[in-house]
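Per-entry structural report
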Amino acid sequence: MKALYLIALVAVAAPAAGAQQVDPYSNQPVAIEEGRGLYNGACTACHGINGAAGEIGPGLAIPGRSYARNTDAEVFDAIKHGIPATAMPAQQNNLEDDQIWKITAYVKGLRGTAIDAPSPGDVAHGEALFWGQGECGSCHMIGGRGSIIGPDLSNLAGSRKTASIIAALTTAQHRVYGPGGAQPHNLVPLQTYPVVQVTTSDGKRLRGVLRNEDSFSMQILGLDQQLYLLDRTRLKSISYEPKSLMPSDYDKRLSQVEFNDLLAFLTRLGSPPTLEGPQVKMPGGPDPD
Amino acid sequence: MGPRHALLLLALLTAHAPAWAQIPDPIKADPKDWLTYSGQYHSQRHSQLRQITAANVGGLAAKWVYHMTGQKDLEATPIVANGVMYISQYNRIDAIDARSGNVIWQFQRQPIATGAQRGTGFWNNKLFVTTSDQHLLALDARNGSVLWDVAVHDGLQLAGQAPLIVKGKLIVSGNLPHGFMQCYEADTGKYLWSWSPIPADDDPQLASWGGQKPDGMPVWVSGSYDPELNLIYYGTGQPEPQWAGEGRQGDNLYSDSIVALDPDTGKLKWWYQNTPHDTHDYDSLEMPVLVDADWQGRPRKLLLQANRNGFYYILDRSNGEFLQATQFVKKADWLKGWDRKGHPIADPAHDPSVLGTTTCPSTAGATNWPSPTYDPALHLFFFVAQEGCGVNLRDSARNYAGTGYLESPEAGKNWQLFTRALDAFTGKKVWDYEQITSHHYGPGLMSTAGGVLFSPEEFGQFTALDSRSGKVLWHFNTGDVITASPISYSVDGKQYVAIISSSNVFAFALPDIGGPAVGDAR
């Protein structure tokens, strides 16, 4: 089976062998914008827009996802020749190589995170603002310091785009609205932090951040930083608050210079995502071969 | 051993293998088997088994779990015949003991493939495999041997829906280069006929495309069959270009339609178009459910469908006559109204735009491919309803513009799934069960003669509801995302309910009366 698979890979990769391996259009805004138009014309029948998952194809730029095709040449090859044993068709008869490189640049551009291009500014001042005037540490944690109500930001810049960090600081956003197509089917903890208030049947009131729920149970992190595991049948009332605990007026409560410094600090938190997850081999079992 | 002895041995073996003596036939619809995608040809998805009831389902327990290695997000409905369960993927079928979950055989054609494959079919001890290299195979149900292997006619790639096999004819379909259906002889693989929603050159409906070349209209879900009328019923998908309708002025037949074909010839007998001139991807692929009943005082052969466009349809399936359409979601604004019986007028104000146009229901649909079910005792039609609106975008004002759609971010217009019960003949809502954390598509449903409606939820809960009231009777967390529909079957007098959750098959049954004898636990 492995041998067959290798042959298939070689057969697919062969026509691209003489072609360039690095995208001539990476980091070129005009070409990337053209790539977006081409992508929206040729790819969104299956894939979702803006890198989201589509009705038939997977998301091409979903945070936290590991990608089978990471290099420019691999993305180019998948578009040009299709991917065997999947629904991904070859586009070589529909698109010129030049157009495929533009789509590649667009797709790759969707995937980067803040740490690939940190914002300029006074990082030390940004850090001081984070723990001081900004009061960010009253909810968030970095490297073990801070609170656990909000998401841990130790790897913020390694997992988020700069635009999404700015949006979190300046726009009210309580729920990440779904892309149009099929959702990436992973059972993951809740990606949002909605605030919920419940009253138990014995009259206790609890306010906290919803960490998960289903039709039968709720898991709430109380504002007292305690975890509450609750059964819906034992709750008298549940109310979901429309607003997040996250302030969305940092562009107003901070000066422009302060905001930029805070952003300089935030866009340096963490490390770039690794392309391949490390394989950890545990000792103790017999080797298969 | 001489040949005579061998024959004698064979006779003895046959005599002691009653499981294979009778080949289950989908036309006989024995409730112990689940032989087609929808269980039976009428696609009611209602198991006549009644061991598990609303009164005792609270004691339902997991009997076994089978992991289909290397897979994820399976959408297949398992097939069960004579106590053996068959689970499919492109290029692959696993056969397992439906009582114990033990694997019996596995067929894997290279390469290992993944994707939205939704089931196989059983006919004359054969199972059928669609492959990623444009082949169609028949396997021997006993050991997975390849009985025939043919290249798909015209070199096309079949899509993932389960084949429908009627009168020894194997019906399959696909999406590219545009929607198509094909028929093969199930016993030999011989190609018989093709049909496409693209109107032929001499078809007057070609004029419904405003001069543009017809395109799109994928056929991506299995269909239903009425043996008496000798008609198969399928849905067709949206026209292309999907988001730009200005170049294809007209109704764009036979897009977004329910079509009735003669399975012997592939000839179109009638059609009904749910969504003329679609710019929102309202595929009519939701399962057509066939019911014989008195409707408004007259016995009728009905076809029921909850459509992605937000309306519940009742048609006369003998001739396609439109009888009734009832809106089943809070908001449906893609249409301006109806200009004649059964013919809605699409509202151009809701066409996709460069800045985004909010339209209800969203393109994800008011319901989608996950299967509905019909309870013939209660006259209730159960399905998964998705409330909410979407924002439809196009990349530019030019014709053939592409792009996509998003969930509406407005409060009250975002997506929420409900298991919904309608009075099957009036279309009026009887009850609703809110699947609190399910927001997209959801898995399909199955009702049973025991008065239990099995309603899996998107994030892994396998939930049993009271068919009469929608009240929760039992639930089990399968631990992964469910994108398939449940089935029921029985072996040795015991009723089982099974569901696939991502890559795992779960089977449930009531505890053995008294449990295993205490003395056995030595």
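Residues numbered from 1 in each chain as written. Chains lettered and ligands numbered in written order. Predicted model: local features only at pLDDT ≥ 70, side-chain atom pairs only at ≥ 80, totals over all residues.

For chain A, the helix and strand inventory stands at nine helices and seven strands. Scored against the burial criterion, the 289 residues of chain A give a buried share of 29%. Intrachain contacts of chain A at a sequence separation of at least 6 include 66% that bridge at least 24 residues. (Helix = DSSP H or I, 4+ residues; strand = E, 2+ residues; numbered from the N terminus. Buried ≥ 20, exposed ≤ 12 C-beta atoms within 10 Å, placed from the backbone. Contact = placed C-beta atoms within 7 Å.)

Before going further, it helps to examine the overall build of chain B. Of the regular secondary structure elements, chain B holds two helices and 38 strands. A principal-axis box enclosing the C-alpha atoms of chain B has dimensions of 75 × 50 × 50 Å. The buried share of chain B, taken over its 522 residues, is 55%.

On to the sheet that holds strand 28 (residues 390-392) of chain B, then. Residues and elements named next belong to chain B. Across the sheet, which stays open at both edges, the three strands sit in the order 25-28-29 with antiparallel pairing between neighbours. Of all strands in the sheet, those bounded by a partner on one side alone are strand 25 (357-359) and strand 29 (405-407). Across the sheet, the axes of successive neighbouring strands diverge by a mean angle of 30 degrees, strand direction being ignored. Summarising the sheet, strand 25 and strand 28 pair through three bridges and their orientation is antiparallel. Counted as the bridge partner of Thr-359 is Gly-390 from strand 28. (Pairing = 2+ DSSP bridges. Axes fitted to C-alpha atoms, helices over the stretch in contact; angles between N-to-C directions.)

Turning our eyes to something else, we now look at the confidence of the model for chain A. All names here are of chain A. Mean pLDDT over chain A: 80, with 79% of residues reaching 70 or higher. Per-element confidence in chain A is highest for helix 5 (residues 123-131), whose mean pLDDT is 97, and lowest for helix 1 (residues 2-13), whose mean pLDDT is 37. Counting contacts from residues 1-18, a segment whose pLDDT is below 50, to residues more than four positions away or on other chains yields 15 contacts. (pLDDT = per-residue confidence, 0-100.)

This part covers the packing of helix 2 (residues 29-42) of chain A against helix 4 (residues 97-111) of chain A. Any two packed helices are characterised by the angle at which their axes cross and by the distance between the axes. All names here are of chain A. Interhelical geometry of helix 2 versus helix 4 gives an angle of 100 degrees and a closest axis separation of 7 Å. Our classification of the angle between helix 2 and helix 4 gives roughly perpendicular. Every residue of helix 4 that contacts helix 2 at Ala-31, Ile-32, Glu-34, Gly-35, Arg-36, Leu-38 and Tyr-39 is listed here: Gln-99, Lys-102, Ile-103, Ala-105, Tyr-106 and Gly-109. For the contact of helix 2 with helix 4, a count of residues per class yields seven nonpolar, three polar and three charged. (Parallel < 35°, antiparallel > 145°, perpendicular 65-115°, else oblique. Nonpolar A, V, L, I, M, F, W, Y, C, P; charged D, E, K, R; others polar.)

Here the focus is the sheet that holds strand 12 (residues 169-174) of chain B. Residue and element names in this part refer to chain B. Read across the open sheet, the four strands follow the order 11-12-13-14; overall the sheet is antiparallel. Every interior strand has two partners, whereas the edge strands, strand 11 (164-166) and strand 14 (191-195), have only one. Ignoring which end each strand starts from, the neighbouring axes of this sheet average 20 degrees apart. As paired strands, strand 13 (residues 180-185) and strand 14 are joined by four bridges and run antiparallel to one another. Along strand 14, the bridge assignment pairs Cys-183 with Trp-193.

Okay, the nonpolar core next. Among the nonpolar cores identified, the biggest contains 122 residues, and B:Val80, B:Ile232, B:Leu304 and B:Tyr496 are the most heavily contacted of them. Of the residues forming this core, the biggest block, six residues, is contributed by strand 27 (residues 380-387) of chain B. Residues in contact with B:Leu304, not counting those within four places in the same chain, are B:Val289, B:Val291, B:Ile314, B:Tyr374, B:Phe381 and B:Ala424. A:Phe130, A:Ile142, A:Ala157 and A:Phe265 belong to the second largest nonpolar core, which has 17 residues in total. (Core = buried A, V, L, I, M, F, W, Y, C linked by C-beta atoms within 7 Å.)

With 37 residues of chain B in contact, the opposing surface of chain A contributes 28 residues. Secondary-structure elements contributing two or more residues to the side of chain B that touches chain A are strand 29 and strand 34 (461-466) of chain B. Considering every element that reaches the side of chain B that touches chain A, the biggest residue donor is strand 29 of chain B, with three residues. Residue composition of the side of chain B that touches chain A, by class: 12 nonpolar, 20 polar and five charged.

Every α-helix carries 3.6 residues per turn, so stepping three or four residues along brings you back to the same face. Residue and element names in this part refer to chain A. For helix 5, the full list of buried residues reads Gly-126, Leu-129 and Phe-130. Relative to the axis of helix 5, the buried residues are bounded by an arc of 105 degrees and lie together on one face. Considering only its buried residues, helix 5 is in contact with helix 9 (256-266). (Arc of directions from axis to C-beta.)

Residues and elements named next belong to chain A. Here five bridges tie strand 3 (residues 195-200) to strand 4 (residues 205-213), and the two strands are oriented antiparallel to one another. Residue Thr-199 lies in a different strand from strand 4, and its bridge partner there is Arg-205. Here strand 3 hands over to strand 4 after four residues, with Gly-203 in that stretch at a positive phi of 90 degrees.

Glancing now at the environment of A:Glu127. Residue and element names in this part refer to chain A. Structurally, Glu-127 can be placed in helix 5. When the 19 C-beta atoms within 10 Å are taken as the criterion, Glu-127 is described as partly exposed. For the pair Glu-127 and Ala-264, spaced 137 residues apart in sequence, the C-alpha separation works out to 8.9 Å.

The next subject is the domain arrangement of chain A. In terms of domain boundaries, chain A breaks down into domain 1 (2-111), domain 2 (116-173 + 247-266) and domain 3 (195-240). Once you take the C-alpha centre of each, domain 2 of chain A and domain 3 of chain A turn out to be 29 Å apart. (Domains from an automatic or database assignment.)

With that out of the way, let us pick up helix 3 (residues 72-81) of chain A. Residues and elements named next belong to chain A. Burial runs high along helix 3: seven of the 10 residues are buried. Considered for burial, the residues of helix 3 that qualify are Asp-72, Val-75, Phe-76, Asp-77, Ala-78, Ile-79 and Lys-80. Of the residues flanking the end of helix 3, it is Gly-82, one or two places downstream, whose phi is positive at about 80 degrees.

Residue and element names in this part refer to chain B. Residue Tyr-254 is bonded to the preceding Leu-253 through a cis peptide linkage, with omega at 0 degrees. Structurally, the position occupied by Tyr-254 is in the loop between strand 16 (231-235) and strand 17 (257-261). Phi at Lys-167 takes a positive value of approximately 50 degrees, unusual for a residue other than glycine. Checked against the element boundaries, Lys-167 lands in the loop between strand 11 and strand 12. Positive phi, close to 60 degrees, is recorded for Asp-281, a residue that is not glycine.

The next point concerns the pairing of strand 33 (residues 452-456) of chain B. Across a regular strand the side chains alternate sides, sitting on one face of the sheet and then on the other. Residues and elements named next belong to chain B. Here strand 33 lies mainly inside the structure; five of its five residues are buried. The side-chain alternation of strand 33 yields two buried faces, one formed by Val-452, Phe-454 and Pro-456 and the other by Leu-453 and Ser-455. Between strand 33 and the antiparallel strand that follows it, strand 34, lie four residues; Gly-460 among them carries a positive phi value of about 105 degrees.

All names here are of chain B. Inspection of the secondary structure puts Leu-60 in the loop between strand 1 (46-47) and strand 2 (61-67). Leu-60 gets classed as buried once you count the C-beta atoms within 10 Å, which come to 23. With 414 residues separating them in the primary sequence, Leu-60 and Trp-474 have C-alpha atoms 7.7 Å apart. Contacts of Leu-60, omitting those with residues within four sequence positions, involve Ile-52, Ala-464, Trp-474, Phe-508 and Leu-510.

On to the confidence of the model for chain B. All names here are of chain B. Scored by pLDDT, chain B has a mean of 91; 93% of the residues are at 70 or more. In the predicted structure, residues 12-20 sits below a pLDDT of 50 and forms four contacts with residues beyond four places in sequence or in another chain. The low-confidence segment residues 515-522 (pLDDT under 50) makes zero contacts with residues lying over four places distant or belonging to another chain. Among the scores for the predicted complex, ipTM is 0.72 and pTM is 0.80.

Let us now look at the environment of A:Val198. Residue and element names in this part refer to chain A. Following the sequence through the fold, Val-198 ends up in strand 3. With 22 C-beta atoms counted inside 10 Å, the residue Val-198 sits in the buried group. Placed 38 residues apart in sequence, Val-198 and Lys-236 show a C-alpha to C-alpha distance of 7.5 Å.

A few words now on the packing of helix 5 of chain A against helix 9 of chain A. All names here are of chain A. Taken N-terminus to C-terminus, the directions of helix 5 and helix 9 make an angle of 95 degrees; their axes are 7 Å apart at the nearest point. Between helix 5 and helix 9, the angle is such that the two are roughly perpendicular. Contacts between helix 5 and helix 9 pair Val-123, His-125, Gly-126, Glu-127, Leu-129 and Phe-130 from the former with Glu-258, Asp-261, Leu-262, Leu-263, Ala-264 and Phe-265 from the latter. Of the residues in the contact of helix 5 with helix 9, the class split is seven nonpolar, two polar and three charged.

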